[in-house]
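Analysis of the macromolecular model
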Amino acid sequence: MNILFLIQTFWAAVRAIPVTVLITSASVLIGLPLGFLLAWIKIRKIRILYPLAVVYTSLMRATPMVLLILLFYSTLPSFLNVIMNQKLHWHIKVFDTNPVIYAIIVFSLIAIANLSEVFRSAILTIDPGQKEAALMVGLSPIQAYYRIIIPQALVSAIPNIGNLTLNILKGTSLAFMMTVQEVTAVAKTAASYTYNYTEAYIDIFIIYFILGTLLQIIFRYLERYLSRHKLRVKAV
Amino acid sequence: MLKVRNFKKKYHQHEVLKGIDIEVNQGDVVALLGPSGSGKTTFLRGLAFLTPGDSGVITFDDQKINIESATPSDIKKLRRKMGFVFQNFNLFANKTAIQNVEEGLIIGHKVSKPEAKRRATEALKKVGLQQYANHYPSQLSGGQAQRVGIARAAALNPEIILLDEPTSALDPELVADVLQVIKHLADEGKTMIVVTHEMAFARDVADKVVFMDKGLVVEQNEPTSFFDDPKSPRLKEFLSRISAVNVADNSFEYEKAVQK
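Keep in mind that this is a model prediction, so the values were computed, not measured.

**Focus on the nonpolar core**
Residues Phe-43 and Ile-193 of chain B are the most contacted members of the largest nonpolar core, which totals 81 residues. Counting only domains with at least three residues in this core, you end up with domain 1 (11-81 + 160-260) and domain 2 (94-158) of chain B. Other than its neighbours up to four places away in sequence, Ile-193 of chain B contacts Leu-2, Val-24, Val-30, Leu-32, Leu-44, Leu-47, Ile-160, Ile-161, Leu-162 and Leu-163 of chain B. Counting 55 residues, the second largest nonpolar core, distinct from the first, contains Tyr-145, Leu-174, Ala-187 and Tyr-208 of chain A.

Written out as structure tokens, the structure reads:
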């Protein structure tokens, strides 16, 4: 065991944490509103869009992340190149674009599909009786949704949003395949010079463990904060 | 004030309501009785278009609605005159007791916030829950939750309050408080339709008792004749099955609760 290498690589990998965090948080933040929109389409069974939403969701959820990344990274830039440069003559350097952008796109597409299912099931857990009560006191259906149903659905969705964020965080370790310099990629590259793979993997392990634990703590706190109304306090 | 003609409703092939005719006058308390599956709740929910009927005519004051051709704005206008109290309360779980009452005032009826607070406080006071204003529904007992539900409906001062088995989901000991609150509303002259299984309450508070069975109104009468002198064999059978002793002994139980 090369302790010096272990420590050096650890700090090198730590410096790559912002990239990992950026990809994860950007994907989830993009996924939240769009996933919600998709969930809305599925719940209201909006014409034309509904079957598309269903197909998209099952496609994204049924295929392995690795495959999506490889497929996307090998085809999208060439595809964009054909459209933007050969057809539209915009002369954008598609192949020089920072691969982080592509990673964010891929992980956002995955997040959208999964979050739409999270939101859909969360909204369906809220008793429709509350919506009826809202209509009877004069709220419009849209007001009933955003004032009564959605705030409660968000709370019950938090643990699942946490799970998904955790999965994406771990999934970003695959972004090295897109030449993104995130935690895994940095450590692996360092190891490849001296063949100290064990040390590199230990470093990666520690970093993901810390990040994952932090994330779990954040989401647990968020859940507790948002579900104040569920706390059973002894009645006065 | 409210007149319903030939109200029909089918679930798939099963005809739940086969043409209900009912008339409610200003200040009336109408108790709707009948065995399970007779369509009482379906009818009440149909009146508020929560589960709309298939056909029939609802006339409310000067508004006449043909159920088949009702538009969303017709329904909205009709609902504005109605309050609804649900069997399982349906309080907004993310809002406190007072916010539950204020919601309809501020958002639904565009009342200013201070005025809404004043009215909501007063409504909670009337149901005896002033000190629970800042409790969330999960912190209330069933009886308290239902009283908030009643306050929420009554605070909007609707012309009629529809109550769908308001005490059926409650522990027996909590029923009395809720019935007492409903009786108060009746004493104030509120017009109400109550679907209920509380015979003593129906007898004591209602101005008119309507008996439904198998999707039809079988008999309706003022309470004394209804209970003491039932005309139709079906109602006689129904009343004989509910122990007469029960009715006699438990009557005014909610009055007793108040004296405590």
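**Notes on the interface of chain A and chain B**
For interface size, the figure often reported is the accessible area lost on association. Taken together, the contact pairs 23 residues of chain A with 27 residues of chain B. Counting the surface lost from both chain A and chain B, the interface buries some 2300 Å², and carbon and sulfur atoms represent 57% of this. One salt bridge in this structure joins Arg-45 of chain B and Glu-132 of chain A, with 2.6 Å as the shortest N-O distance. The interface formed by chain A and chain B contains 6 residue pairs in polar contact (both at pLDDT 80 or more). Residue assignment for the side of chain A that touches chain B shows that the elements contributing at least two residues are helix H6 (128-136) and helix H7 (141-171) of chain A. Class assignment of the residues belonging to the side of chain A that touches chain B gives a composition of 12 nonpolar, 6 polar and 5 charged.

**Here we look at the pattern of salt bridges**
Residue and element names in this part refer to chain B. Applying the stated criterion across every chain yields a total of 19 salt bridges over all chains. Salt-bridge contacts for Glu-23 lead to Arg-5; the nearest nitrogen and oxygen are separated by 3.4 Å. Taken together, the positions of Glu-23 in strand S2 (residues 14-24) and Arg-5 in strand S1 (residues 2-11) put the pair 18 residues apart, joining distant regions of the chain. Judged by relative accessible area, which is 35%, Arg-5 ranks as partly exposed. A salt bridge links Asp-187 to Lys-183; the nearest nitrogen and oxygen atoms lie 3.6 Å apart. Note that Asp-187 and Lys-183 are positioned in helix H6 (residues 172-187) at a spacing of 4 residues, about one turn of the helix. Within this structure, Asp-213, Lys-214, Arg-234, Glu-237 and Arg-241 form a network of salt bridges that share partners.

**Overview of a nonpolar patch on the surface**
All names here are of chain A. Together, Met-1, Ile-3, Ile-7, Trp-11, Ile-202, Phe-205, Ile-206, Phe-209, Ile-210 and Leu-214 make up a nonpolar patch on the protein surface, roughly 1000 Å² of accessible area in all. Elements represented by at least two residues in the nonpolar patch include exactly helix H1 (3-14) and helix H9 (197-226). For the nonpolar patch, the leading source of residues is H9, giving 6 residues. Locating Met-1 in the fold gives a position in the segment before H1. Of the residues examined, Met-1 reaches a relative accessible area of 64% and is grouped as exposed.

Conventions used here
Residues numbered from 1 in each chain as written. Chains lettered and ligands numbered in written order. Predicted model: local features only at pLDDT ≥ 70, side-chain atom pairs only at ≥ 80, totals over all residues. Heavy atoms only, no water. Core = buried A, V, L, I, M, F, W, Y, C linked by side-chain atoms within 4.5 Å. Buried < 20%, exposed > 50% of the residue type's maximum accessible area, 1.4 Å probe, protein only. Domains from an automatic or database assignment. Contact = heavy atoms within 4.5 Å. Buried area = accessible area lost by both parts, 1.4 Å probe. Salt bridge = Lys/Arg side-chain N within 4 Å of Asp/Glu carboxyl O. Polar contact = N/O pair within 3.5 Å; in protein donor to acceptor, adjacent residues only side chain to side chain. Helix = DSSP H or I, 4+ residues; strand = E, 2+ residues; numbered from the N terminus. Nonpolar A, V, L, I, M, F, W, Y, C, P; charged D, E, K, R; others polar. Patch = residues over 30% accessible without salt bridge, like charges linked within 9 Å, V, L, I, M, F, W, Y side chains within 5 Å. Areas by Shrake-Rupley, 256 points an atom, 1.4 Å probe, with all protein chains shown as cover.

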